[in-house]
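Letter by letter, the chains look like this.
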Amino acid sequence: MTTTIPAHVPTLAETAQRMTRGGRGVLAADESIKTMSARLEQEGIAASPTARRDYRELLLTADGLADSVSGIIFADETFGQQLTDGRGFPEAAHELGVLPGIKVDTGTSPLAGHDGALITEGLDGLGARLASYAERKAAFAKWRAVFDIRTITEYVARANGHALARYAALCQQYGIVPIVEPEVLCTGDHDLAACDRATRLALTALFDELRQAGVDLTGIVLKPNFVTPGLAAAPAPADVVARATFEVLHDIVPATVPGIAFLSGGHTTADACSFLHKLSGAPDLPWSVTFSFGRALVSAALQAWAGEPANVAAAQQKLLANCHEAANAIRRR
Ligand code: 13P
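Residues numbered from 1 in each chain as written. Predicted model: local features only at pLDDT ≥ 70, side-chain atom pairs only at ≥ 80, totals over all residues. Heavy atoms only, no water.

## Some words on the packing of helix 11 (residues 295-305) against helix 12 (residues 312-330)
- In the contact formed by helix 11 and helix 12, the axes pass within 8 Å of each other and the chain directions differ by 165 degrees. With respect to each other, helix 11 and helix 12 are oriented roughly antiparallel. Here the hand of the crossing between helix 11 and helix 12 comes out right-handed. Together, A296, L297, V298, A300, A301, A304 and W305 of helix 11 and V312, A315, K318, L319, N322, C323 and A326 of helix 12 make up the contact between the two elements.
- Looking at side-chain class alone, the contact of helix 11 with helix 12 contains 12 nonpolar, 1 polar and 1 charged residues. (Axes fitted to C-alpha atoms, helices over the stretch in contact; angles between N-to-C directions. Helix = DSSP H or I, 4+ residues; strand = E, 2+ residues; numbered from the N terminus. Parallel < 35°, antiparallel > 145°, perpendicular 65-115°, else oblique. Left-handed = near helix turned anticlockwise from the far one by under 90°. Contact = heavy atoms within 4.5 Å. Nonpolar A, V, L, I, M, F, W, Y, C, P; charged D, E, K, R; others polar.)

In structure tokens form, the structure reads like this:
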């Protein structure tokens, strides 16, 4: 009689650790159909499901991506598409050593009664969608709340923190690690102190809601912004950004959270990497820190590709160079 040993199913904590440790980070390739189409058109590429598929295939199949990338976030459209060789995207990602993730929020709406503030939508029917993604081997999910420093208030932070917490608790029920993303936008000419205050407001409400929702903090990945002045203000040196970011996170984020993966938020690749480099050099960090950049990793690749099959290899080199730069930023000197 033969006995088969069941394959080890990773725990939420193990998956969160795999996403954020080992000198690798997460590639955000989950732009909505609307955003992705606009980015393609900006490069003179006609937007279509096939063009969006070809672009994501180029990213996923860059040779050696898994050396610096632990996971890749897809949007629903890509999650259900096939590569040109017929494999589904999630299946191909697993085979390439990269965990597939899925963006599950459905975008933002104005928050009634709070002029200019936004609330992220997508809780209705989320359980059924997560069940389907879990069946298709999603390892993790993402939900993004968006805050503007001009409109964030205690209530705006709490309403969005509550939605993030309900999303996170549901993900964990389906064995999916939630990436919890409260993004304070860096558009504007505000100073670093304003970003510091807004980020503290967003994170304080978020962690209070996560605790009340019973979310297992050892099985989440936090995806915050760096604490910086607005992009239209005088820039701060990387060590000042790293210190401010560390202090905010250290004051609010429990050490039980295994990993923090930063968004790039419109900062250049060089700036985002140097913030990360300075921050990851801080002694006694209680959590692992890494990247979950979108634009800072992919913009150069999209430009180099320009929709031409002949440019795929050159575009992949651009992507890999940026992923290596980001990974080098977190590997200890
Ligand atoms: P950026 O790094 O381009 O800000 O995107 C990251 C992301 O996933 C935003 O939700």
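## Examining helix 6 (residues 126-135)
- Taken as a whole, helix 6 has its buried residues at L126, G127, L130 and Y133. Angular distribution of buried residues about the axis of helix 6 spans 125 degrees; they occupy a single face of the element. In helix 6, the exposed positions angled more than 90 degrees off the buried face are occupied by A128 and E135.
- A positive phi of about 70 degrees marks K137, the residue just after helix 6. (Buried < 20%, exposed > 50% of the residue type's maximum accessible area, 1.4 Å probe, protein only. Arc of directions from axis to C-beta.)

## Some remarks on the sheet that holds strand 7 (residues 177-184)
- If you walk across this open sheet you meet the 8 strands as 1-2-3-6-7-8-9-10, and the pairing is parallel. Edge strands, defined here as strands with exactly one partner in the open sheet, are strand 1 (25-29) and strand 10 (288-291).
- In the sheet, strand 6 (residues 140-147) pairs with strand 7 via 8 bridges, with the strands oriented parallel. Residue pairing across strands places A141 opposite P178, the latter belonging to strand 7.
- On top of the sheet, helix 7 (residues 154-173) reaches strand 6 and strand 7; it is set at about 175 degrees to strand 6, its chief contact. (Pairing = 2+ DSSP bridges.)

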